[in-house]
Amino acid sequence: MDGKRSCSLCGGAMMIMMMMMMISHMTSALEVPLDLPQPPTITNQSPKDYIIDPRENINIFCEAKGKPHPSFSWTRNGTHFDVEKDPKVVMMPGTGNLVIDISGEKAEVYEGVYQCIARNEHGSAVSNNIVIRQSRSPLWSKEKNEPITVQRGTSLILQCRPPAGLPPPIIFWMDNNFQRLPQNSRVSQALNGDLYFSNVIMEDTRNDYICYARFPHTQTIQQKQPITVKVLDNSPSGERVPSFLHPPGMESTTMVLKGDTLELECIADGLPTPNISWTKVNGELPSGRFSFYSFQKTLKIKEVTEADGGDYRCIAKNRMGSSQHTITVVVRAAPFWISAPQNLILAPKETGNLTCDVDGNPKPTITWSVNGNPIESSHNDPSRKVSDGVITLSDVQTGSSAVYQCNASNDYGYLLANAFVSVLAEPPRVLTSLNHEYSVISNSRALLDCASFGSPLPKITWFKDSQSILNSDLYHIHKNGTLEINVAQPQNSGKYTCIASNNLGNKENHVHLQVKEPTRIIRQPEYKEVQRNSIAVFECKVKHDPTLIPSMIWLKDNGELPDDPRFEVGSDSLTIHDVTEDDEGTYTCIRNTTLDQDSASATLTVVEATPTPTMILEQPDPPTDLELTDQRERSVRLTWTPGDEHNSPIKLFLIQYEDSLHEPGVWLNMTEVSGTSTTAQLELSPYVYYSFRVLALNGVGLSESSDPSRQYRTNPAKPDVNPSDVEVSGTSPDTMTISWRELSGLESNGPGLQYKVSWRMKDAEQWTTVTLANVSQHVVTGTPTFTLYEVTVQAVNDYGEGPRPEVVLGYSGENSPTVAPENVKVSVQSGTEAEVHWEAVPLSSVRGRLKGYKVTYQKMRSLHKQDYDRENPQVLIFSGEETVGRLPDLHPYSHYRLNIRAFNGHGDGPSSTDQQFQTPEGVPGPPTNVNIRNLNLDSLLVEWTPPLEDNGHLTGYLLKYQPINTTEEAGLLKEVLLPANETSYTLDKLTHSTHYKFFLNAMTETGSGPAVTKEAFTEVDEAMTNRQAEIATQGWFIGLMCAIALLILVLLIVCFIKRNKGGKYPVKEKEDAHQDPEIQPMKEDDGTFGEYSDTEDHKPLKGSRTPSNGTVKKDDSDDSLVDYGEGGDGQFNEDGSFIGQYSGKKEKDTAEGNESSEAPSPVNAMNSFV
């Protein structure tokens, strides 16, 4: 919902801002960098007419820049104003801003005309004359208003006559209840504040006509004494022809200044109330600039021009007749700029002009000053010539910098402008930031800045891709150096270079332009008619440049969406849940990017929910009546009539085309339009024989296609595009293959399509060109090996060439390298790894793209066996320009041979000189053919053969063994070291009938190799086994086992019978005898005690609340089993019954009322027994 709550710059505002930015690009004034010496320039000053609030301090602004930074001084009423001598006045550091503290002072003390002077060693600039006046809101003069008595029907004027304030007050009429008095065509307030009645009625009688004056500067309101009006009806006035109350008479004259707002007023007397109308004699009212107020009694014209002068006629008319009054408007003009003087930068010996071109009515008088002094009183400068509004400076010299002031004045005001002349000799510099990136939308205007400075002023030239840019239909270079591209296209994207040059040097700058695709809504919201309480969904899908992320804003009736959770904004849609009548209106989707926007609207209508009859949904019927209109070279408009929707609204129309010239019989999709459209503007390609057809899509599916339109043939033209995917590759040392993707028939734009293929070596001047047809590659022979070429492929046909092709760089074919790597060195790291180093081959010998180096190494023999067991060579590839590599998985104690060669895309270069190296000893491999045999009851024979890989000189074998039991628990591990020439070993004094685990390792000086693990059993002692078997079969042993089993069974039966003994405990008999009312059985429904019986194992008594610790608390029952014993703890017999009989209920001590019994629970006691 966040996206719908804010509205960024939309439509017109965005366009106005972009236009202002463009104008600023083209009209920016010359700026002198502040690191260069220059006279002062006023950058901020207070307005000419400055009305102050007497309750606040006075702030007068004067700020300026210059090199060196200027100092400031002030004049007041034409004389020097010594700021330092007035303790109430402070000048802010670094500026000329004045702060005047008027606390304890009257503000009128500081009224007057102020002027600021900013000066440094190169000149003086002055501000406007700043007139300081205190705002005033004087009291109404005391007066006694006599009641006014008038006859019904006569006219009446109630005068306000407010006190003169500064600025003038705002007038309004109210009653005693502070309610504005109603006004209409009969009663209205004039511009001077008086209240006019064209005729009075009886209802005008009242005693509270009060005029109020609001003084806006001090925010105070004052009121006039109430006026009483009494309307009599004893001699009423009759109906009459209108006459003018204001202005009186038939004619009047008024004056207005150009640019101000003209207000003309006519108020008429009459009965019935007259209506007022306006005309301009011999002319029309200015369109768009006039408006009527106060029931058409006031005509306002804003931004008055000289053409607005003349006669204006107001006509008052009722049924009795009409009257008219002519107002002659005289337009005068305070001075206004036609061309204000601009700062002038001159090099020594140059000539330049300062122009002060103004106009006004009457014609303004122009006076010049230099550094704040009248030019007539300054020293005579032979290089300076003054001619009315122009100062010509000739053959200027270094050190003649100054600030000139032009003052143009007439009866209605004045203009003052400062312009400095700075004499510098400065080489060019570009002020626009380097590599600045500009982004614009395709088909819009692009402005590329090249702000520069230099003296003499630099000349700006522009280049793109090393090609000079001149003024043309596409490009325009503005006076300030800005390059304008009138209609930017994607092919205009790229790098642009501007060069600023004068006689002292050159300076270049690069900027980049990116032309983006426009933002377009491709699926617009559509008209919706939905039932109340249902859901409405508006789609708004957009196509945009992938580098621009559009935001989405939804408006309802051009305002924000209601703050209602029913409105759900999705990424491409707006969903309204539970629609009500208040949701009706126009919904607008706005898709904004930082560069452009698009919008679309649709209307929502809400209807009452009604039972919907069962509808049969079908595909729509095909459109009919296809017609082609608005036929142009590259576009045509297609219109059609939709077919029957069959109860499912059409979502879109699909437009297809057939090109019977290039692909007859093949129909291709061209575009889609919304289901509410019946027309589409189609963009076409040249040299195509088009036929069109339309299909409709609804919720069920696509319709059949319409009948084809009549054929529309476009005229041939030169190609718009060149072949794409241009590539350069080398297949052999003296050839180069240029390939490309051919244009389709639709892209050919005309007959005779060919390809103009051009190539040259990089930086060469001469191109070689061939023209080919119906091919997609060309092989160039006789090329130097691996040489960089520039290649272009341009489409041409019988009507001309395509656009200028892009240059593609590529290399001719490669050849094998000619030089072998040198200084090959091998560093053995371990028995299984070595590191090899080499020097890279010279790039000139590669004759192609160096892909890397191939290291070939081979085991020649084992150092131990002294015989040749040569292995196959192995090759490792090291990519790029690496000059070091590791050789893994070597065999220890072996002799190796190694060489290296460079390789490229063509093949391998020569090998380096073979390098020999040896690997040190390593740990040996595992012994082989390990076997274990039984010799007798307590000895085993272990046999083996030597390892297949000695990896050095064998120093012996390590045999470890240990017994393990049936749970895999190991016994004591023992070790035996054996000499290298042994291949068997007998283990004596082992335990018979035992499981043993063996570990056998071979060893070299480096260490032990991997172990071989085996397991074996010593022989079983059959004599002992037989003795055990004999005991198990003896009769006495069998009888003993049976007796023990029978005894255990009898004990179990007795225990079971005793434990499950039935009947009641003696406790129950005692309870029955005593009949204590406190000892009553608990009922199951209320939780009280019932009969004590043990009917279930391990379960508490019914209703009992036995704590988890096995104790029965006092508050659960007033007595316990202990109460019935002989004192002390209760005990149980072996069968679980309670020991002893209850001898009578124990008398309870009253002191025991707050104690709890700690006797164990019978239930827990029985559970614990079990």
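Residues numbered from 1 in each chain as written. Predicted model: local features only at pLDDT ≥ 70, side-chain atom pairs only at ≥ 80, totals over all residues. Heavy atoms only, no water.

Naming follows an unreviewed UniProt entry, where the chain appears as Neuronal cell adhesion molecule a isoform X31 of Danio rerio.

## Details of the overall build of the chain
Condition: Helix numbering and strand numbering both begin at the N terminus, where a helix is a DSSP run of H or I of at least 4 residues and a strand a DSSP run of E of at least 2. Throughout this description, buried means an accessible area under 20% of the type-specific maximum (1.4 Å probe, protein chains only), exposed means over 50%, and partly exposed covers the range between. Between two residues, a contact is recorded if the distance between any of their heavy atoms is within 4.5 Å. Where accessible areas are quoted, they stem from the Shrake-Rupley method and a 1.4 Å probe; at the residue level, only the protein chains shown are allowed to cover.
Tallying secondary structure elements over the chain gives six helices and 86 strands in all. Taken over 1170 residues, the chain has a buried fraction of 40%. A sequence separation of at least 24 residues applies to 65% of the contacts in the chain between residues at least 6 apart. Of the accessible surface of the chain, which amounts to about 63,300 Å², a share of 50% is contributed by carbon and sulfur atoms.

## Description of the environment of His436
Inspection of the secondary structure puts His436 in strand β39 (residues 436-441). The partly exposed category is assigned to His436, whose relative accessible area is 31%. The spacing of His436 and Asn509 is 73 residues in sequence and 9.3 Å in space, taken between C-alpha atoms. If we skip the residues at most four places from it in the chain, His436 touches His510, Val511 and His512.

## Notes on the sheet that holds strand β7 (residues 89-91)
The line we're drawing: What makes two strands pair is DSSP finding at least two bridges between them. Comment: axis = line fitted to C-alpha atoms, over the contacting stretch for helices; angle = value between 0 and 180 degrees taken between N-to-C directions.
One open sheet accounts for three strands, arranged β3-β8-β7; its pairing is antiparallel. Each of the sheet's edge strands pairs with one partner strand only, and the pair in question is β3 (58-60) and β7. Each neighbouring strand pair of the sheet contributes to a mean axis angle of 15 degrees, computed without reference to strand direction. With three bridges joining them, β3 and strand β8 (residues 98-100) adopt antiparallel strand pairing. Note that in β8 the partner of Asn59 across the bridge is Val99.

## Some words on the pairing of strand β9 (residues 112-120)
Working note: regular strand, side chains alternate between the two faces of the sheet. Among the nine residues that make up β9, seven are buried, leaving the element largely enclosed by the rest of the structure. As judged from the six bridges shared by strand β5 (residues 71-76) and β9, these two strands associate in the antiparallel manner. In the sheet register, Trp74 faces β9, and the bridge partner there is Cys116. Pairing of β9 with strand β11 (residues 130-134), which is carried by three bridges, proceeds in the antiparallel orientation. Opposite Val113, over in β11, you have Val131 as the bridge partner. Summarising the sheet, β9 and strand β10 (residues 123-126) pair through four bridges and their orientation is antiparallel. Residue pairing in the sheet places Arg119 in a bridge with Ser124 of β10.

## Concerning the nonpolar core
Filter applied, for reference: What we call a nonpolar core is a set of buried Ala, Val, Leu, Ile, Met, Phe, Trp, Tyr and Cys residues that are connected through their side-chain atoms within 4.5 Å.
Ile60, Trp74, Ile100 and Tyr114 are the most contacted members of the largest nonpolar core, which has 30 residues in total. Of all the secondary structure elements, the ones that give two or more residues to this core are β2 (49-52), β3, β4 (62-67), β5, β8, β9 and β11. For this core, the element with the highest residue contribution is β9, accounting for three residues.

## Looking at the side chain of Asp545
Which entries qualify depends on this criterion: Charge counting treats Lys and Arg as positive and Asp and Glu as negative, with His and both chain ends excluded. Within this document, salt bridges are pairs made up of a side-chain nitrogen of Lys or Arg and a carboxyl oxygen of Asp or Glu, the two lying within 4 Å of each other. Polar contact is the term for a pair of N or O atoms within 3.5 Å; when the atoms are in protein, one must be able to donate a hydrogen and the other to accept it, and sequence-neighboring residues count only if both atoms are side-chain atoms.
Residue placement: Asp545 occurs in the loop between β51 (541-543) and β52 (551-556). One buried charged residue, Asp545, remains without a salt bridge, the closest side chain of opposite sign being Lys516 at 4.4 Å. Of note is the side chain of Asp545, whose polar atom sits 2.8 Å from the backbone nitrogen of Glu517. A polar contact of 2.5 Å, which involves the side chain of Asp545, links it to the side chain of Thr547.

## Remarks on the pairing of strand β81 (residues 939-945)
Of all the seven residues making up β81, five are buried; the element is thus mostly covered by neighbouring parts of the structure. Between strand β80 (residues 928-936) and β81, which pair antiparallel and follow one another directly, the connecting turn spans two residues. The sheet contact formed by β81 and strand β84 (residues 984-987) spans four bridges and is antiparallel. Across the sheet, the residue bridging to Leu940 is Leu987, located in β84.

## Side note on the packing of aromatic side chains
Our working rule: Pairing of aromatic rings covers Phe, Tyr and Trp, the last counted by its six-membered ring, and requires centre-to-centre distances within 6.5 Å; plane angles under 30 degrees mean stacked, over 60 mean edge-to-face, and any other angle means tilted. Over a ring means this: the NZ of a Lys or the CZ of an Arg is within 6 Å of the ring centre and within 35 degrees of the ring normal.
Per the counting criterion, the structure on display carries 18 aromatic pairs. Plain terms: the ring middles of Phe290 and Phe292 are 5.7 Å apart, the flat faces sit at 70 degrees to each other, and that makes the pair edge-to-face. Chaining the aromatic ring pairs together yields one cluster made of Phe172, Phe178 and Tyr212. Positioned above the aromatic ring of Tyr209, the side-chain terminus of Arg206 is 5.7 Å from the ring centre. One residue, Lys854, lies across the ring of Phe903, its end atom 5.0 Å from the ring centre.

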